[in-house]
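# Structural overview
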Amino acid sequence: MLLDKITAADVVIGLKTQDWEDAVRRSAQILLEKGSIEPRYVEAMIQVVHENGPYIVIGKHIALAHARPECGALRTDISFTTLDPAIHFNAGKMDPVKLIITLAAIDSETHLDLLSELAEILMDEEKSAALFEAESAAAFVQI
């Protein structure tokens, strides 16, 4: 399970951004630096929102930034970024986004497996609220 391997190095707390595009670009930085995605993957994540709307906002205050594997995913990986202040994605009642989960998956099966793992955690509103308020990457990972 990928979530069992998350470390503080996979988490950014309190990122300040200008808008949703900036938030997506900057939240992807960890995966870029680790070599898990190519720069074109970041642009694909943004383009898909322009084309399909804010469907990446998967829950109240939570966005799952991702693109198709062929858009530059080099290996399966994930990172987490909390935003301070929260950013609007034009997602109605789901706004503003406080947490961006950036996902790179090399195939659809891996993508679905990881979504299942995430759903178990994120459906717990108390746990999600604690993630939004984590004051350090270590505290985030512990939650």
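The paragraphs below set out a description of the structure included in this document.

Summing up its helical and strand segments, the chain has 6 helices and 5 strands in all. Along the chain, helices and strands appear, N-terminal first, in the series β-α-α-α-β-β-β-β-α-α-α. Against the globule reference of 15 Å for 143 residues, the chain gives a C-alpha radius of gyration of 14 Å, in line with a compact fold. Taken along the three principal axes of its C-alpha coordinates, the chain extends 35 × 30 × 25 Å. Burial status across the chain gives 45% buried among its 143 residues. Long-range pairs, those at least 24 residues apart, make up 69% of the contacts in the chain between residues at least 6 apart in sequence. Surface accessibility of the chain: about 7,400 Å² in total, with carbon and sulfur atoms responsible for 52%. Treating the 12 positive side-chain charges of the chain as one cloud and the 23 negative ones as another, the clouds have centres 3 Å apart.

One turn of the α-helix equals 3.6 residues, which is why residues spaced by three or four share an orientation. Considered for burial, the residues of helix H5 (residues 125-133) that qualify are Ser128, Leu131 and Phe132. Taken around the axis of H5, the buried residues stretch over an arc of 100 degrees, which confines them to a single face. For H5, exposure combined with an orientation more than 90 degrees from the buried face picks out Glu126 and Glu133.

Before going further, it helps to spend a moment on the environment of Phe89. Mapped onto the fold, Phe89 is located in the loop between strand E4 (77-87) and strand E5 (97-104). Phe89 gets classed as buried once you look at its relative accessible area, which sits at 3%. Setting aside its immediate chain neighbours within four residues, Phe89 contacts Trp20, Val24, Pro54, Ile56, Val57, Ala63, Asp95, Val97 and Ile100.

One open sheet holds the 5 strands; their spatial order is E1-E4-E5-E3-E2, and the pairing between them is mixed. Of all strands in the sheet, those bounded by a partner on one side alone are strand E1 (11-15) and strand E2 (57-59). Strand-to-strand twist of the sheet, defined as the mean angle between neighbouring strand axes without regard to direction, takes the value 25 degrees. Across 4 bridges, the pairing between strand E3 (residues 62-65) and E5 is parallel. Its bridge partner lying in E5, Ile62 is registered against Leu99.

Parameters at a glance
Residues numbered from 1 in each chain as written. Predicted model: local features only at pLDDT ≥ 70, side-chain atom pairs only at ≥ 80, totals over all residues. Heavy atoms only, no water. Helix = DSSP H or I, 4+ residues; strand = E, 2+ residues; numbered from the N terminus. Rg over C-alpha atoms; globule rule 2.2 N^0.38 Å. Buried < 20%, exposed > 50% of the residue type's maximum accessible area, 1.4 Å probe, protein only. Contact = heavy atoms within 4.5 Å. Areas by Shrake-Rupley, 256 points an atom, 1.4 Å probe, with all protein chains shown as cover. Lys, Arg positive; Asp, Glu negative; His and termini not counted. Charge placed at Lys NZ, Arg CZ, Asp CG, Glu CD. Arc of directions from axis to C-beta. Pairing = 2+ DSSP bridges. Axes fitted to C-alpha atoms, helices over the stretch in contact; angles between N-to-C directions.

By themselves these figures say nothing about function.
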